[in-house]
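A look at the structure
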Amino acid sequence: VASINFGLDPREGDETLKDRDLPSEDAEYFECRAEGTAFAGLGDGLGAGGKQCKTPQQILNGTHANLLRLATARQTILEATSGLGLRIAVETKGRKAKYFIEYFDPQTGRLAEVEQSVGLPWGLLPPSAAKRVGLLTWTSKMGTPSFSLPAGPAASGGACPSAAGGQSIEEPRAREIFGKRVLQVLAERAPPAATPLPATVELSTAVCEHCYATTGNYSMYAAMVMQQLITFAWTKAALEHGDFVPIMIDAINRTDYKLKHEPAKWLATGWRFFRVHDSGDFFSKEYFRAWKAITDAFASDNPYGHAPIMFWAPTRMWAMPGWIEFVNEANGGANSKGNFVIRPSAYSLDQHAPDVKGGGWAAGSTVFAPSAADRVVACEVPPTFDWDCQAYAVKNGPTCRGAADPTGATGCRACWAAADAVVNYRAH
Ligand code: SF4
């Protein structure tokens, strides 16, 4: 794919990015003492640290500064590297293959040089440069390959349209309008055990405001920020050129699933597992349809002889107008192959996910504070989720491959294989 009006920085292929971790939805204030604060609605007596909880404003001061820094970094990278071309390169080893996106000078066709003098908000670009990034990523928590796009609303260069109602970086009026829509869908699609909804989306508890994919490794390292921008640019261009589906099918089929570490019970099924979006979301219907075509190519009865793959995609696109129906139509009924598990993610901490199960949608996922999750597990309150993720209970974890699954066996793939169960991830 040539002549994309987008520049880039060569990094070290996927080597610097291969051990991507997925922290839980982060909320440091869960380690504080709620007593004596005005911070209501987040459970009580959380954590043993004895620290006084931050006020919502103090929380937002930190998260907003982080989002601003990330948006500035993205803008700086886009401006400083504009004009280079992107193309796919493949390294094969036996039947396995690694796909890369290379950057090149459209004038000479040669690989582009690193622009190390580009100043980012935290300093210069890393000197250990290569001329390409990996097309796929690896999530160490999941133990699966993944695909990664920039998180956040378009206002900050992200691929998550529905984050517009839950990130402080969004323009206030647009955030307010979208937030109303979020709450409307949540009210219409509330499961039986749902608790009352607030009048507005509260930014200090909105999951997107605290999104792990806009903090930590995702925002601290230029290589990571650039890889996602490059992947996003290539994705949009490849969709336009018709290359996205065939390239992704081959890349997904031939990447290394590290199956020698897969628990035997799952290995015996013959299924492999892929996480769609460790960061980012389905930013357009065209893009969703492309993923549907990709996942169909790995259904259990696929005509290509591909070993089957189960795909799991968490998403908040349920909040976008028409998307509940669109996913039902595109991935439901006769169009369902059963291997594209699309989970509607909760919008805020301690809140239900919309109940859109059936059709093309799987059950949702929630993020509850530990004390609130404990009450559900102890059956002290009506259940708001069916399975409480055990990845963080793993010694030397968190990992899915080492976690207990709903049957008590080691090696959990519930997010893929238990499509009817609402899964909770505890806020840490
Ligand atoms: S519920 Fe199971 S599959 Fe899902 S994230 Fe937790 S450990 Fe992994």
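As shown above, the structure is provided for reference.
The model shown is predicted, which means the values in this text are computed figures rather than measured ones.

1. Looking at the nonpolar core
Ranked by size, the top nonpolar core spans 67 residues in total, and within it F244, I252 and W291 carry the most contacts. With nine residues, the top contributor of residues to this core is helix α4 (residues 222-241). Residues in contact with I252, not counting those within four places in the same chain, are L136, Y257, F274, W291, I294, F298, I309 and F311. Formed by 17 residues, the second largest nonpolar core is a distinct cluster that contains M310, A362, A403 and C415.

2. Details of the site of the ligand
Lining the immediate environment of the ligand, one finds W387, C389, A391, C400, A403, C412, R413, A414, C415, W416, V423 and Y425. If you map the ligand onto the pockets, it falls in the second largest cavity. Elements supplying a minimum of two residues to the shell around the ligand: α10 (414-417) and β15 (423-426). In terms of residue count, α10 provides more of the shell around the ligand than any other element does, three residues in total. Among the residues making up the shell around the ligand, the classes are represented as eleven nonpolar, no polar and one charged.

3. Thoughts on the pattern of salt bridges
Scanning the entire structure with this criterion turns up twelve salt bridges. The residue D256 makes a salt bridge to K96 at a minimum N-O spacing of 3.6 Å. Pair noted here: D256 is in the loop between α5 (244-254) and α6 (264-267) and K96 is in strand β4 (residues 96-104), with a separation of 160 residues, a long-range link. Relative accessible area serves as the criterion here: at 39%, K96 is assigned to the partly exposed category. Three or more residues are tied together by salt bridges with common partners; here these are R173, E176 and K180.

4. Description of empty space enclosed by the protein
Considering all chains together, one arrives at four cavities of 30 Å³ or more under this definition. In this structure, the second largest cavity spans a volume of roughly 110 Å³. Lining the second largest cavity are 16 residues, with C389, C400, C412, C415 and Y425 sitting closest to its centre. At three residues, the largest contribution of residues to the lining of the second largest cavity is made by α10. When its residues are assigned to classes, the lining of the second largest cavity shows 13 nonpolar, one polar and two charged.

5. Quick look at the sheet that holds strand β12 (residues 340-344)
Spatially, the five strands line up as an open sheet ordered β8-β9-β10-β11-β12, and their pairing is mixed. Each edge of the sheet is formed by a strand with only one pairing partner; in this case those strands are β8 (137-139) and β12. Across the sheet, the mean angle from the axis of one strand to that of its neighbour is 30°, orientation sign disregarded. As defined by bridge partners, strand β9 (residues 144-148) adjoins strand β10 (residues 272-279) across three bridges and the pair is classed as parallel. In the sheet register, S148 faces β10, and the bridge partner there is S279. Taken strand by strand, helix α7 (residues 285-296) contacts β9, β10, β11 (309-315) and β12, and its axis lies near 140° from that of β12.

6. Topic: the pairing of β10
Burial analysis of β10 places eight of its eight residues in the buried class, the great majority of the element. Judged from the four bridges that link them, β10 and β11 form a sheet pairing that is parallel. Across the sheet, residue F273 finds its bridge partner in β11, namely M310. Handedness of the β-α-β unit built from β10, α7 and β11 comes out right-handed.

7. Remarks on the side chain of T235
Here T235 lies in helix α4. Ignoring any residue separated from it by four or fewer positions in sequence, one finds T235 in contact with F147, L149, F244, F283 and Y287.

Rules of the game
- Residues numbered from 1 in each chain as written.
- Predicted model: local features only at pLDDT ≥ 70, side-chain atom pairs only at ≥ 80, totals over all residues.
- Heavy atoms only, no water.
- Core = buried A, V, L, I, M, F, W, Y, C linked by side-chain atoms within 4.5 Å.
- Buried < 20%, exposed > 50% of the residue type's maximum accessible area, 1.4 Å probe, protein only.
- Helix = DSSP H or I, 4+ residues; strand = E, 2+ residues; numbered from the N terminus.
- Contact = heavy atoms within 4.5 Å.
- Near = heavy atom within 4 Å.
- 1 Å grid on protein atoms, 1.4 Å probe; cavity = no way out; pocket = protein on both sides within 12 Å on 5 of 7 lines; lining within 4 Å.
- Sits in = over half its atoms within 2 Å of the grid points.
- Nonpolar A, V, L, I, M, F, W, Y, C, P; charged D, E, K, R; others polar.
- Salt bridge = Lys/Arg side-chain N within 4 Å of Asp/Glu carboxyl O.
- Points joined across faces, edges and corners; volume = space filled by probe spheres on them.
- Pairing = 2+ DSSP bridges.
- Axes fitted to C-alpha atoms, helices over the stretch in contact; angles between N-to-C directions.
- Right-handed = clockwise from strand over helix to strand, strands pointing away.

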